[in-house]
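# Fold and contact review
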Amino acid sequence: MPKYESLIGVAGIFGLVSFSSLVQKIYDTHNTTSLPWTWILMNLSAQVLSLIYGLGNKAYGIYIPTILFLIGLFYILYVKIKHPSNEEKPKQM
């Protein structure tokens with residue numbers, strides 16, 4: 001185990017706790033208006049790269065939280081696709 005792997009594990013847990021509140025809000029409201037497609041796709045890309053890095057280096061402190069982040073991101077993507085009617089319409093002037 002690398003010298004500071006537990007530190008990245010703790011950082012992953014903190015990130016998951018903060019991210020879980022966003023997922024909970026989306027679960028309750030089915031509203032993803034504040035999350036543009038670029039945010040979702042860039043986060044998915046970042047998490048996939050982190051997963052590859054964590055698996056390649058056998059760093060469980062990276063790949064275990066990353067798998068949980070990916071599950072949450074795929075849920076957000078599902079809601080964004082499945083419930084487009086919950087997106088706010090732009091106001092016409």
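## A look at the packing of aromatic side chains
Using the criterion set out here, one finds three aromatic pairs in the structure. When the centroid spacing of 6.3 Å and the interplanar angle of 45° are considered together, the rings of Y27 and Y75 count as tilted. On the criterion of sequence distance, the pair formed by Y27 in helix α1 (residues 5-29) and Y75 in helix α3 (residues 60-82) is long-range, its members being 48 residues apart. Judged by its relative accessible area of 21%, Y75 is partly exposed. Judged by centre distance (6.4 Å) and plane angle (35°), the rings of Y75 and Y78 are tilted. You can see Y75 and its partner Y78 sitting in helix α3, three residues apart, about one turn around the helix. Exposure remark for Y78: the relative accessible area of 45% places this residue in the partly exposed category. A connected cluster of aromatic rings, assembled from ring pairs, spans Y27, Y75 and Y78.

## Some thoughts on the packing of helix α2 (residues 37-56) against α3
Contact geometry of α2 with α3 gives a least axis separation of 9 Å together with a crossing angle of 155°. When the axes of α2 and α3 are compared, the pair comes out roughly antiparallel. You can see that α2 and α3 cross each other, and the crossing is left-handed. Facing W37, W39, I40, N43, L44, Q47, V48, S50, L51, Y53, G54 and L55 of α2, the residues of α3 in contact are I62, Y63, T66, I67, F69, L70, L73, F74, I76, L77, K80 and I81.

## Brief notes about the packing of α1 against α3
Packed helix pairs are characterised by how far apart their axes lie and by the angle those axes make with each other. Look at α1 against α3: their axes get within 8 Å of each other, and the N-to-C directions meet at 15°. By the criterion of interaxial angle, the relationship of α1 to α3 is roughly parallel. Crossing geometry of α1 relative to α3 is assigned as left-handed. Contacts between α1 and α3 involve E5, I8, G9, G12, G15, L16, F19, L22, V23, I26 and Y27 on the former and, on the latter, Y60, G61, I62, P65, L68, F69, G72, L73, Y75, I76 and V79. By residue class, the composition of the contact of α1 with α3 is 16 nonpolar, five polar and one charged.

Cut-off values and rules
Residue positions are given per chain, counting from 1 as you read along its sequence in written order. Under the rules for a predicted model, residues below a pLDDT of 70 receive no local features and side-chain atom pairs below 80 are neither given nor counted, while totals for whole chains, interfaces and linings still include all residues. Hydrogens are left out, water is left out, and the side-chain values use all remaining heavy atoms of the structure. Each Phe, Tyr or Trp ring (for Trp, its six-membered ring) is paired with any other whose centre lies within 6.5 Å, and the angle between the two planes then decides the class: stacked below 30 degrees, edge-to-face above 60, tilted in between. Only DSSP runs of H or I covering at least 4 residues are called helices, and only runs of E covering at least 2 are called strands; the numbering of each starts at the N terminus. Each residue is placed in one exposure class: buried if its accessible area under a 1.4 Å probe, protein chains only, is under 20% of its type's maximum, exposed if it is over 50%, and partly exposed if it falls in between. For helices, the fitted axis covers only the stretch in contact; all axes are lines through C-alpha atoms, and the angles between them, taken along N-to-C directions, range from 0 to 180 degrees. To sort the angles, those under 35 degrees are grouped as roughly parallel, those over 145 as roughly antiparallel, those from 65 to 115 as roughly perpendicular, and the leftovers as oblique. The handedness criterion is simple: a crossing whose near helix is rotated anticlockwise from the far helix by less than a right angle is left-handed, and one whose near helix is rotated clockwise is right-handed. Two residues form a contact once any of their heavy atoms are found within 4.5 Å. Any residue that is not Ala, Val, Leu, Ile, Met, Phe, Trp, Tyr, Cys, Pro, Asp, Glu, Lys or Arg is counted as polar, Gly included; the first ten are nonpolar and the last four charged.

Shape descriptors only; they carry no functional weight alone.
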